[in-house]
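Architecture and fold: a report
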Number of protein chains: 2
Amino acid sequence: MFSCKIQNETSYKKEAATHLGSHPKLIITKAGVEQIRKELGHIPIFDASVQIAKEEVDAEMALGIDTPIPKDFSGGYTHERHKRNFFMLEKAGLLYQILNDEKYAKYVKDMLFQYEAMYKDLPVHPQTRSYARGKLFWQCLNDSNWLVYASQGYDCIYDYLSAEERAQLENNLFRPFADFISIENPQFYNRVHNHSTWGNAAVGMIALVMGDDDLLHRALYGIENDGIDADAKDNDGGYIKNEDGKAGFLANLEEPFSPDGYYTEGPYYQRYAMYPFLIFSEALNNVKPELKIFEHKNGVILKAVNALLNLSDADGDFFPLNDGQKGMSYYSKELVTAVDIAYLHGLKNPELLSIAEKQNRVLLDDSGLAVALGIKEGVAKPFEKKSVNFSDGPQGKQGGVAVLRDGDVEVVFKYAAQGLSHGHYDKLSFSMYETGEEILQDYGLARFVNIEQKGGGNYLKENKTWAKQSIAHNTLIQNEESHFQGKYDIGSQHHSVLNFYDFNNDRIKVVSAHETNAYPGTVLNRTMALIRDANFEKPYVLDIMAVTSNQTNQYDFPYYYFGQVMETNFEYTTPEILKPLGTKNGYQHLFVEGHGKANNGNVKFSWYHAGRFHTLTTVTNAQDDIYFTRIGAHDPDFNLRKEPGFMLRKNEAKDALFVSVIESHGSYSPVSENAVNSHSHIAEVKVIYNDNQYTAIAIKDIQGNIKTFIVCNSKVSGKEQHELVINGDTFQWTGAYYFN
Amino acid sequence: MFSCKIQNETSYKKEAATHLGSHPKLIITKAGVEQIRKELGHIPIFDASVQIAKEEVDAEMALGIDTPIPKDFSGGYTHERHKRNFFMLEKAGLLYQILNDEKYAKYVKDMLFQYEAMYKDLPVHPQTRSYARGKLFWQCLNDSNWLVYASQGYDCIYDYLSAEERAQLENNLFRPFADFISIENPQFYNRVHNHSTWGNAAVGMIALVMGDDDLLHRALYGIENDGIDADAKDNDGGYIKNEDGKAGFLANLEEPFSPDGYYTEGPYYQRYAMYPFLIFSEALNNVKPELKIFEHKNGVILKAVNALLNLSDADGDFFPLNDGQKGMSYYSKELVTAVDIAYLHGLKNPELLSIAEKQNRVLLDDSGLAVALGIKEGVAKPFEKKSVNFSDGPQGKQGGVAVLRDGDVEVVFKYAAQGLSHGHYDKLSFSMYETGEEILQDYGLARFVNIEQKGGGNYLKENKTWAKQSIAHNTLIQNEESHFQGKYDIGSQHHSVLNFYDFNNDRIKVVSAHETNAYPGTVLNRTMALIRDANFEKPYVLDIMAVTSNQTNQYDFPYYYFGQVMETNFEYTTPEILKPLGTKNGYQHLFVEGHGKANNGNVKFSWYHAGRFHTLTTVTNAQDDIYFTRIGAHDPDFNLRKEPGFMLRKNEAKDALFVSVIESHGSYSPVSENAVNSHSHIAEVKVIYNDNQYTAIAIKDIQGNIKTFIVCNSKVSGKEQHELVINGDTFQWTGAYYFN
């Protein structure tokens, strides 16, 4: 496989883009090139993608090649220039193969030699913030990005170059580059982390192009004896060293993905990591098919694409779990890669084609061709998102994430592991969506990715002081402390535990999980149901959080909504001046905009946002406090979004039960000025039974109809018979819950 | 014209919808019905509109007729039911004519008789808030809405009814109804106000159907000797009595419209008023063509449609001047009416057809047919919005409103009269838009129209305490007092004065106006320019506000932006607790989120919103204060939107000059995570000359290019020659300004 490195260069060069030679073979293949050239002009989505790439590359070529001396953070000129350069290396390489136009090969060659000329004397990047500084960029991560793309460009012009030219590039640029990001930066390279995945893929891809088996071994299995301190941490506070000491691409494939394909850092980073996972896997599949990389761990890499697509809302935006930037979606280039590769190397799932149609572009290679042909042949089917549950952890035994879906409503429930260094302290938190709009939000990260003027485009200090803290999430906070004391060392040892889920009932989707370690001595048990009821316009959410503790605590329970307060059924006052709710653990970032005492019975809170009404009806007693909060206190650089929250507080309680129904209802149009169904349809929510065995809730609508939901609080197998008498009524059922 | 009231009813009834009889004649005509029936099925947009109406009416008919005893405010059941009823009367009437199906005639008849049965004993509405309570609704205004629509329904089934039936309806329902909203409520009916326009149209339309010339006279000329106190006011604080004592429809057509067709209350209310203006004008044109109503005041009513369409942003949303609810647009039903009628009765302007295409529905009458046929024939042309200036005042001599447009950027500059009772104290204020998005906002009104749970859907108290106040607008505030002390009595006596405008230069659109009465002893002079410069990505705004006063004052100058702070070039602190900026005149509603001292030279402030970057560069000195503000203090019912502001303050100044450049630049996508052109291209803005004759500004970009703008501060004819030497450079020009 690595035998044809040296050839007669003169003859070679002339016939480079026709038939002879061993390259390209990495991503686009010789067979692929042949077929693409045959189909070109008759595959609309592929043709359009070629045209866009051509316009982009032609425009860059007209500007000339610039490889400036590195100095900036992301967002700055030198960073952005080198980033554009590596995209150009890949794209121009592909265009050379597809269009058979030597000018693109020359452009790639010239740029590579310009890098070759600068690289050997290049010091590490002058910005010192990273735990692993790169040379072209401020962090090795970005240098690895460069090499992943540059390898593809090099592969495309490999046969166009002479043996001497190749030797020069490999000796002065590619091998030193690969060594720098691996051997010289083991703290970056030898981890189980998305950074390392990029590093591994970079080293592995250039190894495959060069036919260097030693380097490939380093990519797959990491560096032996890296000498890294077991306590060393990265910039995000994550441990460098993995417990079992495994490293390399295969370890990165093993560890962070659950058997269901859920990536423990969450969908935003999964999206980022998917590119090196998939592109290197495809390269391995092309060059080393005997490794059967797509079958590794029961085909986890293709399952991961499916999981990722399912972790997006109706608009294709990924749920911003952990450090996730809102708005990132399956329209990103990484997901074009993911969808195209998963289509070609999976079972040609026609549902993927409908995503590709929405993306409206394909990769300029064999997988893109396959997708373009599939679309042309009209075999695309809608990608149907159903309620799903994904386990977390290498063996799928560290909690998980569930998405309840019914109609336009989606509920995302997180009972996962810590999520490595990008995890938040948000055990049993949830968020709610309707038609792709956030109804109750997960704040996501505190960062303006690649916007230089906001902290160099990097994580802002408020990511740690606010976004990661428990109070920033729709979950329970005890005594104003974050889960696991907000400590990564503790949080990363634990995970929540699934009680059960059931998505097989047309009228109710339900998931339940518990958490015993977030607050030692306290057990949190949350059950979330999405209920379809003909007396309601839309499915509504039933939210039951049961807290039991061995001591008396204060319990806070926030809901982060959007928009404006419409209606309440309790008395509250608004202060003349706004003060922070607390002093630490994120509480210092919340202003109190209003405070009231709850009712005995139900507190109702309605709000309006973006054309829709929403109502929270929650079981309270007169001792409970209600707070209207707003994010944004202690925010000297205006880094936070000043968004509102509604918070319940139970004081001096040992055990506590938060039971709420959340409705999305009606509509308002400023054009017709009609308010439709603007009031809640819930008359009363009542706890009719509660002990350590069962919790039973009665939900009465405004017509007087009553629905009863009973959940078992002890572990159930799913086959057990239950009988419970409440107020003289006998309820009998099999399994973990009753609903009727 | 009114001669065929009594006919042989038996024969009549049978042939009602075919040929005999005098009706319909009001809006849909007999000739129109004939042509519609002929074309039906071959005019897609009309056919679709019929289908929608049919589905709506059929659904309502299936529910049965309900005419509940009135009790609710807008948003409540009885209000919304009676409102739906009058729409049904009109729509079912039209369907009867178009589809020739008697069931619709019977439905209209049954509903009218149900109203007839209840009306004679109906007391005034139990809600007492209105200065002119209706019977079916809480205010006469809504009763008038009812009659305007019911008249059309009655006209459509007129020939279907027997003479006795007509007599019964007219004697017990229509005449008492018309008398109630006119003679019994002169304080509502006999005004120059959008309320009265509805009242006049209601009375006039039923008069035309019934052939009652006396009533028609009352509609056109109002009630003589109404006995109203000259000092009486309505709920909004507006005077009931007009200065010259004129009333009736023609007075309402004379007074509030300028010769350019600008309606003094602003586009939101113009939109609302347009319906009765146009529908009654069309009725008059059909039944009394000798009145030549569409030629009245040089065709002002059709000019008004054009003005209204031009007072919308790129998405068709009306600029929310004065009390305007954001989001109201030319997609509203009133504008469907306006566009269709203006098309038929104007010169069949093909640009109106493109608006109708966007609206995607037409009126079910002669004008809708004309539009549908025009669209079918493919003669539609894009509606091109250019920079425009509309005078205000009956003779066009009370200031005006200008819209500067270039590319995607729009600047709305208001130097108008008070705008009757819906006016705001916002002399020389402006707002800025890009591709239909607000960049610098006009807050609009403080009201949730028709959302019952927010103050009955009516104006909220914050409309007066915040939305109307000067500090709520992008203009100058002296000593924390609103213009005209925030008093309607004073404000309604004055208006700003245009200095000049010029839209004929490709590189610059400019408008300039002054205001001498807002603060006695102080002159405000504001010049706004929209400048196109090849060194900038988009046109930028130059904003010059010159203040001269006979005393020392504090001057505040806010800019209400959206989104998040990106970058500043001055030192500021953010407080631990948020306090209101002031105690009254709207200042009590602003929290101070940050405070700093300005630089000697330029203060720069960049922000990010919805995918775009914006930068304000403003000339300051070290004594100036900078405030970051947020709306929402003293807001006990959460009625205000918690949106940010950036405010300059000059302390203890007599004369002051605020000079700013506002750029919209670049883009950011959370999908690509690319920040493009995220920094300002302005290096420096400098006042290079300033006296009572000229103000000269130099704008230097980051490449060092300098543009000079000079504006004449004294009245210019436009033909004068000017010469000015600044720092040794001689500038010569003709007219009111220099730019190069």
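Residues numbered from 1 in each chain as written. Chains lettered and ligands numbered in written order. Predicted model: local features only at pLDDT ≥ 70, side-chain atom pairs only at ≥ 80, totals over all residues. Heavy atoms only, no water.

It is worth spelling out the overall build of chain A at this point. The helix and strand inventory of chain A stands at 18 helices and 27 strands. The C-alpha radius of gyration computed for chain A amounts to 28 Å, which stays within 12% of the reference 27 Å derived for 740 residues, consistent with globular compactness. In terms of overall dimensions, chain A has C-alpha extents of about 95 × 55 × 55 Å along its principal axes. Residues counted as buried form 65% of the 740 residues belonging to chain A. Charged side chains in chain A number 72 positive and 96 negative. The centres of these two groups are separated by 1 Å. (Helix = DSSP H or I, 4+ residues; strand = E, 2+ residues; numbered from the N terminus. Rg over C-alpha atoms; globule rule 2.2 N^0.38 Å. Buried < 20%, exposed > 50% of the residue type's maximum accessible area, 1.4 Å probe, protein only. Lys, Arg positive; Asp, Glu negative; His and termini not counted. Charge placed at Lys NZ, Arg CZ, Asp CG, Glu CD.)

So, about the sheet that holds strand S22 (residues 682-690) of chain B. Residue and element names in this part refer to chain B. Strand order in this open sheet of 4 strands is S22-S23-S24-S27, and the pairing throughout is antiparallel. Two strands lie at the open edges of the sheet, namely S22 and strand S27 (737-739), each paired on one side alone. Taking each pair of neighbouring strands and ignoring which way they run, the sheet shows an average axis angle of 15°. Strand direction decides the pairing type here: S22 and strand S23 (residues 694-701), joined by 7 bridges, are antiparallel. Considered in S23, the bridge of Val685 is made with Ile699. (Pairing = 2+ DSSP bridges. Axes fitted to C-alpha atoms, helices over the stretch in contact; angles between N-to-C directions.)

So, about the interface of chain A and chain B. Between chain A and chain B, the contact holds 51 residues from the first and 51 residues from the second. Where chain A abuts chain B, roughly 4300 Å² becomes buried across the two surfaces, and 54% of that area is made up of carbon and sulfur atoms. It is A:Gln453, A:Phe638 and A:Glu673 in chain A that bury the most area against chain B; as a group they hold 17% of the surface buried on that side. At the boundary of chain A with chain B, the tally comes to 0 salt bridges. Here chain A is connected to chain B by 19 residue pairs in polar contact (both at pLDDT 80 or more). Secondary-structure elements contributing two or more residues to the side of chain A that touches chain B are helix H4 (77-99), helix H12 (267-287), strand S12 (564-568), strand S14 (590-597), strand S17 (625-631) and strand S21 (674-676) of chain A. Ranked by residues supplied to the side of chain A that touches chain B, first place goes to S12(A) with 4 residues. Per-class residue counts for the side of chain A that touches chain B are 22 nonpolar, 13 polar and 16 charged. (Contact = heavy atoms within 4.5 Å. Buried area = accessible area lost by both parts, 1.4 Å probe. Salt bridge = Lys/Arg side-chain N within 4 Å of Asp/Glu carboxyl O. Polar contact = N/O pair within 3.5 Å; in protein donor to acceptor, adjacent residues only side chain to side chain. Nonpolar A, V, L, I, M, F, W, Y, C, P; charged D, E, K, R; others polar.)

Under the fitted operation, chain A is carried onto chain B by 0.0 Å of movement along the axis and a turn of 180°, and the coordinates agree to an RMSD of 0.1 Å. Such values leave the two copies arranged in the relation of a two-fold axis. Taking the C-alpha atom as reference, chain A places A:Leu578 closest to the rotation axis, 2.4 Å from it. Of the residues that chain A buries at the interface, 100% are likewise interface residues in chain B, meaning the two copies contact each other through the same surface. (Least-squares fit on C-alpha atoms with pLDDT ≥ 70 in both.)

Residue and element names in this part refer to chain A. Here H4 contains 23 residues, and its C-alpha end-to-end distance of 31 Å stays within 8% of the 33 Å for a straight helix at 1.5 Å per residue. Burial runs high along H4: 19 of the 23 residues are buried. Following H4 by one or two positions, Asn100 adopts a phi angle in the positive range, close to 60°. (Expected span 1.5 Å × (residues − 1).)

What follows covers the UniProt feature "domain: Heparinase II/III-like C-terminal" (unreviewed entry) in chain A. Annotation from UniProt places "domain: Heparinase II/III-like C-terminal" (unreviewed entry) at residues 393-565 of chain A. Taken end to end, residues 393-565 of chain A is 6% helix and 40% strand, and its two terminal C-alpha atoms sit 40 Å from one another. (UniProt positions renumbered as here; feature names shortened; annotations may be inferred.)

Residue and element names in this part refer to chain A. Segmentation of chain A into domains returns domain 1 (65-254), domain 2 (256-385) and domain 3 (388-739). The C-alpha centroid of domain 3 is placed 31 Å from the C-alpha centroid of domain 2. In this assembly, 26 residues from domain 2 lie in contact with 42 residues from domain 3. Here domain 2 meets domain 3 over a buried area of about 2600 Å², counting both sides, of which 53% is carbon and sulfur. There are 2 salt bridges connecting domain 2 and domain 3. One salt bridge in this structure joins Lys326 and Glu438, with 2.7 Å as the shortest N-O distance. For the interface between domain 2 and domain 3, the tally reads 19 residue pairs in polar contact (both at pLDDT 80 or more). (Domains from an automatic or database assignment.)

On to the sheet that holds strand S16 (residues 612-620) of chain B, then. Residues and elements named next belong to chain B. Taken together, 8 strands build an open sheet; the order of strands is S7-S8-S9-S10-S19-S16-S15-S12 and the sheet is antiparallel. Each having just a single partner strand, strand S7 (497-502) and strand S12 (564-568) make up the two edges of the open sheet. Within the sheet, the average angular offset between the axes of one strand and its neighbour, ignoring direction, is 15°. Alignment of strand S10 (residues 540-549) against strand S19 (residues 656-665), held across 7 bridges, turns out to be antiparallel. Directly across from Ile544, in S19, lies its bridge partner Val659.

Moving on, we come to the packing of aromatic side chains. Following the criterion strictly, the structure yields 99 aromatic pairs over all chains and no others. Ring-pair connections join several aromatic residues into one group, and the members of that group are B:Phe86, B:Phe87, B:Phe137, B:Tyr149, B:Trp198, B:Tyr268, B:Tyr269, B:Tyr272 and B:Tyr275. Looking at A:Arg271, its charged tip hangs above the ring of A:Tyr268, at a distance of 4.6 Å from the centre. Above the plane of the ring of B:Tyr443 lies B:Arg641, whose end atom (NZ or CZ) is 3.9 Å from the centre. (Phe/Tyr/Trp six-rings, centres within 6.5 Å; stacked < 30°, edge-to-face > 60°. Lys NZ or Arg CZ within 6 Å of the ring centre and 35° of its normal.)

The next subject is the confidence of the model for chain A. Considering every residue of chain A, the mean pLDDT works out to 94; 96% of them sit at 70 or more. Low pLDDT, under 50, characterises residues 1-20 of chain A; the stretch is placed with 42 contacts to residues that sit more than four places away or in other chains. (pLDDT = per-residue confidence, 0-100.)

Here we take up the side chain of B:Ser391. All names here are of chain B. The residue Ser391 is located in strand S1 (residues 388-391) in this model. The exposure class of Ser391 is buried, given its relative accessible area of 12%. Those residues in contact with Ser391 that sit more than four places away from it in its chain are Ser258, Pro259, Asp260, Tyr262, Gly396, Gly399 and Gly400.

This part is about unusual backbone geometry. The linkage connecting A:His23 with the following residue, A:Pro24, adopts the cis geometry, with an omega of 0°. Relative to the helices and strands, A:Pro24 is located in the loop between helix H1 (9-15) and helix H2 (30-39). At A:Ala610, a residue that is not glycine, the phi angle is positive and equals roughly 50°. With respect to the helices and strands, the residue A:Ala610 is situated in the loop between strand S15 (601-609) and strand S16 (612-620). Backbone geometry places B:Asn585, a non-glycine residue, at a positive phi of 60°. Inspection of the secondary structure assignment puts B:Asn585 in the loop between strand S13 (572-573) and strand S14 (590-597). Take B:Asn585: its relative accessible area is 21%, and that puts it in the partly exposed class.

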